Amino acid sequence: MKKLNILGLFMAAFATLVLNTSCDVEPTFYSQVTPETFFTSQDAVWDRFNRPFTHWRWYAGYNETYWTTQELGTDEFCLPTRGSDWYDGANYQKWHHHEFTDHMNFVDGAWNLFAQGVALSWDALEDLSKVDFDKLGFAPGSRESMLSQQTALVADFYLRGLDLFGGVPLYTTTQSEVKGRSTDLETFNFIDSLLTAAIPNLPKKTEMGQKETGLIHQAAGAVLQMRLYFNAESYIGQPMYDKAAKIAQDLINGVYGNYELDKDWTKTFGFTNDTSHEIIWSIPSEYSKLENRGYAMWGWTVPYNYKDYLGGLPDSGSNNGFGLQPGLDPTGKPYTFNLSGPYNKFNDKDIRKKNYVYYGDGKYEGMFIAGKLVNPVNPDWVCTGSREYAGQVLSTVDMVGYLSKVGTAEFPTAESLVSDIGHAEENSCIRIQKIVPSPTINEKNMMHEADIPVMRLAEAYYTLAECQMRAGDKEAAAKTINDVRARYFEGADPDPVTATNLDKYRMLDEWMMEFLGEMRRRTDLVRWNAYVTEDWWDHKATNNPNFNRFPLHYGVIGANNLLQQNPGY
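Residues numbered from 1 in each chain as written. Predicted model: local features only at pLDDT ≥ 70, side-chain atom pairs only at ≥ 80, totals over all residues. Heavy atoms only, no water.

Caption draft 1: Representation of the overall build of the protein within the structure. A count of helical and extended segments in the protein gives 20 helices and ten strands. A compact globule built from 569 residues should have a C-alpha radius of gyration of about 25 Å, and the protein, at 24 Å, falls within 12% of that. In the protein, which comprises 569 residues, the share counted as buried stands at 59%. Relative to all contacts within the protein whose residues are 6 or more apart in sequence, the contacts with residues 24 or more apart total 69%. (Helix = DSSP H or I, 4+ residues; strand = E, 2+ residues; numbered from the N terminus. Rg over C-alpha atoms; globule rule 2.2 N^0.38 Å. Buried < 20%, exposed > 50% of the residue type's maximum accessible area, 1.4 Å probe, protein only. Contact = heavy atoms within 4.5 Å.)

Next up, the structure:
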């Protein structure tokens with residue numbers, strides 16, 4: 001029974017496994033479950049192999065917990081109190097101001113979900129290691145590939161845990177006594193050892209544009225190790241930028257498989273992106289099968305009636321929550337913080353800085369929901385307001401405040417408006433439509449056809465550029481970044497990166513623009529010592545380095561009294 005004890009205790013308070021996907025729930029009963037009685041076909045083996053990936057897909061692409069820990073509380077996104085909506089006990093306001101506590105639900109989920117992933121992966125690996133792959137007719141190398149992918153998946157979960165919390169309990173089996181936390185360095189080295197062992201046996205993509213299915217290719221393992229080294233200084237206080245740069249260059253050179261930058265960014269985030277040349281790892285999605293639209297980036301983001309902008313597309317409304325940090329004050333004057341205002345960071349000639357419009361047959365442009373929301377292809381399709389602007393065509397703005405009250409006795413002029421996380425309206429903040437595009441009602445069956453990119457080759461370019469910059473070669477760094485930027489302008493780049501303008505803040509701006517909403521902003525800010533030291537909009541720096549890591553929820557510690565709380569909480 002030790003296996004069940006570890007599964008339960010390591011996952012803290014999880015009493016049941018959460019399944020948020022369609023599956024056959026009819027049970028099959030066995031008097032004794034062994035590899036010989038259960039794994040009698042290749043399908044059964046693949047089912048066992050895929051179970052941890054099911055959890056990973058939900059955690060990394062659908063559940064709001066991980067997205068929130070990486071994006072909310074940074075200079076990219078906020079969740080303001082919109083009139084009477086989204087106060088929720090000031091939870092999101094506290095997150096915005098880094099008032100983290102050990103009873104917040106997001107820190108509870110952030111620990112439990114990575115830990116559950118580790119347990120599920122080791123459990124699957126233990127079962128698969130007992131299967132006779134030759135007897136079931138698998139191709140040579142299948143066993144090594146499957147076991148190495150489970151090992152790499154463990155490394156991915158552990159890397160997320162290290163990034164969010166620091167050192168964590170380290171297990172190599174589910175049949176073990178419950179453990180306390182290892183040190184940051186021990187956790188770092190453990191992840192490194194898992195990846196070093198797994199990468200050589202992972203399948204390598206040899207054909208450019210070969211269809212992605214969610215499996216972990218060799219390049220994905222390399223990206224995980226690159227991320228580990230890239231952030232080593234913030235994890236363990238030891239810079240390893242040279243090692244990160246080597247892997248980044250090897251990824252670009254095709255050492256780990258054949259990839260290249262997509263010339264059209266809408267291919268990377270498009271309806272047929274399973275054959276993207278740039279994507280290294282993705283979460284599969286297909287209409288009426290593995291449907292995934294990235295819930296946090298959709299269900300918590302777009303305006304209430306945005307479905308009408310898409311012609312009444314079913315399931316395309318929203319809770320109207322997350323929005324980009326404002327770049328303008330209520331009078332329309334730009335803020336002057338070094339960080340903040342993502343929409344304002346994009347050059348007006350950048351082809352991404354257009355409103356999202358779907359033209360049909362899988363083609364679209366733009367990734368923002370900004371200004372008056374009238375569909376230019378079908379002008380009768382409009383998004384109207386539901387609160388302060390009920391019945392009116394909604395116009396989302398790069399500001400936060402009670403703009404509908406300007407000219408009243410309370411707010412006679414825009415200058416008198418309060419602009420902070422606690423005073424917003426339904427139209428406050430620009431939104432993005434990026435991670436997965438949406439069709440219109442005319443092609444509703446396309447709605448779930450886009451996969452969710454988790455890793456793409458552009459990350460290797462930007463990692464290499466930052467390493468080059470840190471090594472003192474700003475000219476090489478600028479060229480590396482501009483190689484990616486070139487695809488976003490129809491002519492010459494009006495504001496290219498140069499050795500002269502490349503500094504800490506321009507580097508962070510480039511990371512922001514390229515990876516907006518892709519669940520990495522907090523990590524980038526921590527690496528640059530900017531997460532707790534910088535002001536943006538109404539967020540004031542805490543200057544408390546303890547807040548670079550989250551607290552362990554009291555329920556997690558209560559379930560395992562060997563765990564120690566992080567400093568400062």
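Structure shown, so let's carry the discussion forward.
Caption draft 2: Expanded view of helix 4 (residues 64-71). For helix 4, a buried count of seven out of eight residues is recorded, marking the element as mostly surrounded by other parts of the structure. Where helix 4 terminates, the next one or two residues include Gly-73, which has phi positive at roughly 90 degrees.

Caption draft 3: A look at the confidence of the model for the protein. Averaged over every residue, the pLDDT of the protein is 93; the share at 70 or more is 92%. The low-confidence segment residues 1-5, where pLDDT is below 50, has seven contacts with residues more than four positions distant or belonging to other chains. When the criterion is pLDDT under 50, residues 11-25 qualifies, and its contacts beyond four places in sequence or with other chains add up to 22 contacts. (pLDDT = per-residue confidence, 0-100.)

Caption draft 4: Expanded view of unusual backbone geometry. Its identity is not glycine, yet Asp-315 carries a phi of approximately 60 degrees, on the positive side. Relative to the helices and strands, Asp-315 is located in the loop between helix 14 (306-309) and strand 3 (323-324). Residue classification places Asp-315 among the exposed residues on the basis of a relative accessible area of 67%. A positive phi angle, near 55 degrees, is found at Asn-543, a position not held by glycine. Considering the arrangement of structural elements, one finds Asn-543 in the loop between helix 19 (521-527) and helix 20 (554-559). The exposure class of Asn-543 is exposed, given its relative accessible area of 53%.

Caption draft 5: Region of the structure containing the packing of helix 8 (residues 184-198) against helix 9 (residues 218-230). Where helix 8 contacts helix 9, the axes come no closer than 10 Å and their chain directions differ by 155 degrees. With respect to helix 9, the axis of helix 8 lies roughly antiparallel. In this structure, the crossing between helix 8 and helix 9 has a hand that is left-handed. Along its contact with helix 8, which presents Phe-188, Ile-191, Asp-192, Leu-195 and Thr-196, the element helix 9 presents Gly-221, Leu-224, Gln-225, Leu-228 and Tyr-229. Of the residues assigned to the contact of helix 8 with helix 9, the class counts are six nonpolar, three polar and one charged. (Axes fitted to C-alpha atoms, helices over the stretch in contact; angles between N-to-C directions. Parallel < 35°, antiparallel > 145°, perpendicular 65-115°, else oblique. Left-handed = near helix turned anticlockwise from the far one by under 90°. Nonpolar A, V, L, I, M, F, W, Y, C, P; charged D, E, K, R; others polar.)

Caption draft 6: Representation of the packing of aromatic side chains within the structure. This model, assessed by the stated rule, comprises 38 aromatic pairs. Site record: aromatic cluster; members linked through ring pairs are Trp-67, Phe-77, Trp-86, Tyr-92, Trp-95, Phe-100, Phe-106, Trp-300, Phe-322, Phe-547, Phe-550 and Tyr-569. The aromatic ring of Phe-515 is capped on one face by Arg-520, whose charged end is 5.4 Å from the ring centroid. (Phe/Tyr/Trp six-rings, centres within 6.5 Å; stacked < 30°, edge-to-face > 60°. Lys NZ or Arg CZ within 6 Å of the ring centre and 35° of its normal.)

Caption draft 7: Examining the pattern of salt bridges more closely. Tallying each qualifying case throughout the model produces 34 salt bridges. Between Arg-520 and Glu-459 there is a salt bridge whose closest N-O contact spans 3.3 Å. One end of the pair, Arg-520, is in the loop between helix 18 (504-514) and helix 19; the other, Glu-459, is in helix 16 (residues 458-470), with 61 residues separating them in the sequence. Residue Arg-520 is classed as buried on the basis of its relative accessible area of 11%. The network of salt bridges with shared partners includes Glu-278, Asp-350, Arg-352, Lys-434, Arg-456, Arg-487, Glu-514 and Glu-518. (Salt bridge = Lys/Arg side-chain N within 4 Å of Asp/Glu carboxyl O.)

Caption draft 8: Inspection of the nonpolar core at higher detail. Formed by 164 residues in total, the largest nonpolar core has its most connected members in Tyr-158, Leu-251 and Tyr-306. When sequence neighbours within four positions are dropped, the list of residues in contact with Tyr-306 reads Trp-298, Ser-316, Tyr-356, Ile-369, Leu-373, Cys-383 and Gln-433. (Core = buried A, V, L, I, M, F, W, Y, C linked by side-chain atoms within 4.5 Å.)

Caption draft 9: Quick look at the side chain of Arg-57. Tracing the sequence through the fold places Arg-57 in helix 3 (residues 42-61). Buried within the structure, Arg-57 lacks any salt-bridge partner; Asp-47 is the closest side chain of opposite charge, at an N-O distance of 9.5 Å. In terms of polar contacts, Arg-57 uses its side chain to reach the side chain of Thr-54, at 3.2 Å. (Lys, Arg positive; Asp, Glu negative; His and termini not counted. Polar contact = N/O pair within 3.5 Å; in protein donor to acceptor, adjacent residues only side chain to side chain.)

Caption draft 10: Representation of the side chain of Asp-274 in the model. Mapped onto the elements, Asp-274 comes out in the loop between helix 12 (265-268) and strand 2 (279-283). Judged by relative accessible area, Asp-274 falls into the buried class, the value being 18%. Those residues in contact with Asp-274, other than ones at most four positions away along the chain, are Gln-210, Lys-211, Glu-212 and Asp-451.

Caption draft 11: Spotlight on the environment of Thr-74. Mapped onto the fold, Thr-74 is located in the loop between helix 4 and strand 1 (77-78). Those residues in contact with Thr-74 that sit more than four places away from it in its chain are Gln-325, Arg-521, Arg-522, Leu-525, Tyr-531 and Trp-536. Within the structure, the side chain of Thr-74 is placed 2.7 Å from the backbone oxygen of Glu-71, a separation counted as a polar contact.

Caption draft 12: Examining the environment of Tyr-531 more closely. Position of Tyr-531 relative to the elements: it lies in the loop between helix 19 and helix 20. In the structure, Tyr-531 is positioned 412 residues away from Ala-119 in sequence and 31 Å away in space, judged by C-alpha atoms. Filtering out sequence-adjacent residues up to four positions away, Tyr-531 remains in contact with Gly-73, Thr-74, His-98, Phe-100, Arg-522, Leu-525, Val-526, Trp-536, His-539, Phe-547, Asn-548 and Phe-550.

Caption draft 13: Region of the structure containing helix 3. Along its 20 residues, helix 3 runs 27 Å from first to last C-alpha, staying within 8% of the 28 Å computed at 1.5 Å per residue. Approximately 35 degrees is the largest bend angle found in helix 3, and it occurs at Asn-50, with the proline Pro-52 only one to four residues beyond. Of all 20 residues that make up helix 3, 15 are buried, and the element is covered over most of its length. (Expected span 1.5 Å × (residues − 1). Bend = angle between axes of the 7 residues up to and from the residue.)

Caption draft 14: A look at the pairing of strand 2. The buried fraction of strand 2 amounts to five of the five residues, a majority that puts the element mostly inside the structure. Both strand 2 and strand 10 (residues 452-456) contribute to a ladder of four bridges, which runs antiparallel. Looking across to strand 10, one finds that Trp-281 is bridged to Met-455. (Pairing = 2+ DSSP bridges.)

Caption draft 15: Local environment of the environment of Thr-206. Its place among the elements puts Thr-206 in the loop between helix 8 and helix 9. The class of Thr-206 is exposed, set by a relative accessible area of 57%. As a C-alpha pair, Thr-206 and Tyr-259 span 53 residues in sequence and 8.9 Å in three-dimensional space.

Caption draft 16: Local environment of the packing of helix 3 against helix 7 (residues 142-165). The contact between helix 3 and helix 7 brings their axes to 11 Å, and the two run at 20 degrees. By the angle between their directions, the pair helix 3 and helix 7 is classed as roughly parallel. Along this stretch, helix 3 crosses helix 7, giving a crossing that reads as left-handed. Mapping the contact onto sequence places Val-45, Trp-46, Phe-49, Pro-52, Phe-53, His-55, Trp-56, Tyr-59 and Ala-60 in helix 3 and Met-146, Gln-149, Gln-150, Leu-153, Asp-156, Phe-157, Arg-160 and Leu-164 in helix 7. Looking at the contact of helix 3 with helix 7, its residues break down into twelve nonpolar, three polar and two charged.

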